[in-house]
Amino acid sequence: MSKDLTSRATDYSKWYNDIVVKADLADHSAVRGCMVIKPYGYGIWENMQKSLDKMFKDTGHVNAYFPLFIPKSLFEAEEKNAEGFAKECAIVTHYRLKTDPNNPGKLMVDPEAKLEEELIVRPTSEAIIWNTYKGWIQSYRDLPILVNQWANVVRWEMRTRLFLRTAEFLWQEGHTAHATKEEAIIESEKMLHVYADFVENWMAVPVVKGLKTANERFAGADETYCIEALMQDGKALQAGTSHFLGQNFAKAFDVQYVTKDNKKEYVWATSWGVSTRLMGALIMSHSDDNGLVLPPKLAPIQVVIVPIYKTEEGLSKINEVVFKLKANLQAKGISVKYDDSDTRKPGWKFAEHELKGVPVRIGIGERDIENGTIELARRDTLTKETVAIDGVENVIENLLNDIQANLFNKAKERQINSTYKVDSYEEFKKTLDEKPGFISAHWDGTPETEEKIKEETKATIRCIPLDNTLEDGVCIYSGKPSKQRVLFARAY
RNA sequence: CGGGGUGUAGCGUAGUUGGUAUCGCGCCACGUUUGGGACGUGGAGGCCGUCAGUUCGAGUCUGGCCACCCCGACCA
């Protein structure tokens, strides 16, 4: 029925790829690991950007833009950060091509155009930004700096998947500078909550807020906060991170400020980011075997109207009603598409808009015109009902809210039902294989144990939940004492 | 980056012992249709991923490269 979409049960990862391509979100490009984001997919990303950007501005941040290239000497300044990213960097070594004398019509790298110093294509921008901040900060009066940038970054990943892990991806990265440790910690926690708010209330994807373990921490951070979401196949996806960077970058780039009592202090830093990976989370959280399911708040088209007619006169009668309805809906801020192209039949349009996840579909035919009704179909439940056209604008407005809430509730229920408390390693392994999801278990707090569990089961500690209750227990692996449970899962 | 697989029209595919390529969907034209991916008739569309080699002749055999998929390693 739905254009040969692989079902989730048949092959979950093929289903995901099928949706991305068939719903016109993105495509593979001629460049290894890099995708083309198509207009429909980009429309969703733009809606995400719009909401997030407003949230950043509302919390006092401003946007700026820093260069794509980072000179190697700057890149290596913060040692841990450089080390963490070294294995996945694209490097510019030359700045010119020339025609190849041995190969007519072909170009070659001009060996004489070798750069004195290599340029690193940013995998993240801390280095170039902190090098810049050095010039911006002298006194406590210059602080805080609350800057965000929307940008692309490159990480040379070995295995890529559309949206989930691409060699180049789009993201935003906030980089803030503060006078005190407390203020920086408050900032990184604040932005974590902004992310959680966005992902839950706009994307309708429930998350667990937590802290990363030392093993999973951002290279160069003192503490990494994260939000973790659970996909339909029971695998976890890190949806956003916020880092408390301590004074690591300030020290690496010698960024000091003069305090009120004329003392020099290193600046405290945070950085935080979410990427086009969120698109992957969105797709895998709500979609079904008929295609994409979009939460109304992010859908490029919230309502699609499909006319059903036999004659030109029939169509013009329908048009009259639809134009008015469309204007009324738009006046309420609802995005509406009237799909009146006569090159497709209604059945085809129904299937197509389902595949693309349009939250609400209106069918309106000559029969409806006589009866003063329309057919309302909702994407999340795939149900339809015939309702009076009078006052339907309010009905639709409420319906969109209902769908938004329903998607979140369904995902939340799934998350709760897929989170298991486990108290032995045997049970831990069994649960991972038989009922994938979050596993809440005791851990002795050592990187060694974490590493062993990862080696043996491929499960990692997703986070130490922020709202954790302390309880005495023993580590499922080592049997050593533990004071709290942490959240394990296999992850994307 | 290691192991395995795939690449033929926009998409999905067939192709035998080596002889310029099959079918379906889609596309175009006309007609009939239009409340869940319509039907008929006619038509167009191909450097068989790419580069080289073997051969009188390569989709088919050999090698390199590129891309994608799966499994590993890697992935703040």
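Notes on the structure follow. Quick caveat: nothing in here was measured; it's all calculated off a predicted structure.

1. Structural notes on the overall build of chain A
When helices and strands are counted, chain A shows 14 helices and 27 strands. Each principal axis of the C-alpha distribution contributes one length, and for chain A these read about 80 × 70 × 55 Å. Here chain A has roughly 23100 Å² of accessible surface; of this, 50% comes from carbon and sulfur atoms. Here chain A contributes 65 positive and 73 negative side-chain charges, whose respective centroids are spaced 1 Å apart.

2. Some points on the pattern of salt bridges
Counted according to the given criterion, the structure contains 20 salt bridges. Where Lys-54 meets Asp-58, a salt bridge forms, and the shortest distance between an N and an O atom there is 2.8 Å. Of the two residues, Lys-54 and Asp-58 are both situated in helix α2 (residues 39-58); the distance of four residues between them amounts to about one turn of the helix. Of the two residues examined, Lys-54 and Asp-58, each falls in the exposed class. Among the charged side chains, a network of salt bridges with common partners joins Asp-24, Lys-38 and Lys-356.

3. Comments concerning the sheet that holds strand β20 (residues 373-378)
Two strands in a sheet stick together by hydrogen bonds in their backbones, pointing the same way (parallel) or opposite ways (antiparallel). Strand order in this open sheet of five strands is β18-β17-β19-β20-β21, and the pairing throughout is mixed. Of all strands in the sheet, those with a lone pairing partner are β18 (336-338) and β21 (383-388), marking the two edges. Sheet twist, expressed as the mean angle between neighbouring strand axes with direction ignored, is 25°. By the bridge criterion, six bridges tie β20 to β21 in an arrangement that is antiparallel. Directly across from Arg-378, in β21, lies its bridge partner Thr-383. Helix α10 (residues 346-355) rests against β17 (303-308) and β19 (360-365) of the sheet, and its axis sits at about 170° to β17.

4. So, α10
Lys-349, Phe-350, Glu-352, His-353, Glu-354 and Leu-355 are the residues of α10 that are buried. Against α1 (12-22), β17 and β19 lie the buried residues of α10. Just beyond α10, the residue with positive phi is Gly-357, at close to 80°.

5. A short note on the sheet that holds strand β5 (residues 91-94)
Sheet architecture is open: three strands sit in the order β4-β8-β5, paired in antiparallel fashion. The open sheet has two edge strands, β4 (69-71) and β5, and neither has a second partner. Adjacent strand axes in the sheet meet at a mean angle of 35° when their direction is disregarded. Two elements, β5 and strand β8 (residues 114-121), share three bridges in a ladder whose sense is antiparallel. Considered in β8, the bridge of Ile-91 is made with Ile-120.

6. Overview of the side chain of Arg-155
Tracing the chain through its elements places Arg-155 in the loop between β9 (145-154) and β10 (168-178). For the buried Arg-155, which has no salt bridge, the nearest side chain bearing the opposite charge is Glu-88, at an N-O separation of 5.4 Å. Polar contacts involving the side chain of Arg-155 include one to the main-chain carbonyl oxygen of Pro-123, which spans 2.8 Å. Discounting chain neighbours no more than four positions away, the residues touching Arg-155 are Phe-85, Glu-88, Pro-123, Thr-124, Thr-166, Ala-167, Phe-169 and Trp-171.

Definitions and limits used
The written sequence of each chain sets the order in which its residues are numbered from 1. Note on labels: chains are lettered from A, ligands numbered from 1, in written order. Where local features are concerned, this predicted model is filtered to residues with pLDDT of at least 70; where side-chain atom pairs are given and counted, the filter is 80 or more; whole-chain, interface and lining totals use all residues. To obtain the side-chain values, all non-hydrogen atoms of the structure were included, while hydrogens and water were left out. Under the scheme used here, helices are H or I runs from DSSP no shorter than 4 residues and strands are E runs no shorter than 2 residues, and both carry numbers assigned from the N terminus. For the area figures, the Shrake-Rupley method with a 1.4 Å probe applies, and any residue is considered shielded solely by the protein chains shown. For the purpose of charge, His is not counted, nor are the chain termini; Lys and Arg are scored as positive and Asp and Glu as negative. Throughout, a charge is located at the NZ atom of Lys, the CZ atom of Arg, the CG atom of Asp or the CD atom of Glu. Take a side-chain nitrogen of Lys or Arg and a carboxyl oxygen of Asp or Glu: if they are within 4 Å of each other, that pair is a salt bridge. Burial here depends on accessible area, computed with a 1.4 Å probe over protein chains only, as a share of the maximum for the residue type. Under 20% is buried, over 50% is exposed, and the range in between is partly exposed. Strands are treated as partners if at least two bridges between them are detected by DSSP. Convention adopted: a line fitted to C-alpha atoms gives each axis, helices being fitted over their contacting stretch, and angles between N-to-C directions are expressed from 0 to 180 degrees. In what follows, a contact means two residues having at least one pair of non-hydrogen atoms within 4.5 Å. Two N or O atoms count as a polar contact when they lie within 3.5 Å, although within protein this holds only if one can serve as hydrogen donor and the other as acceptor, and sequence-adjacent residues are included solely when both atoms are side-chain atoms.

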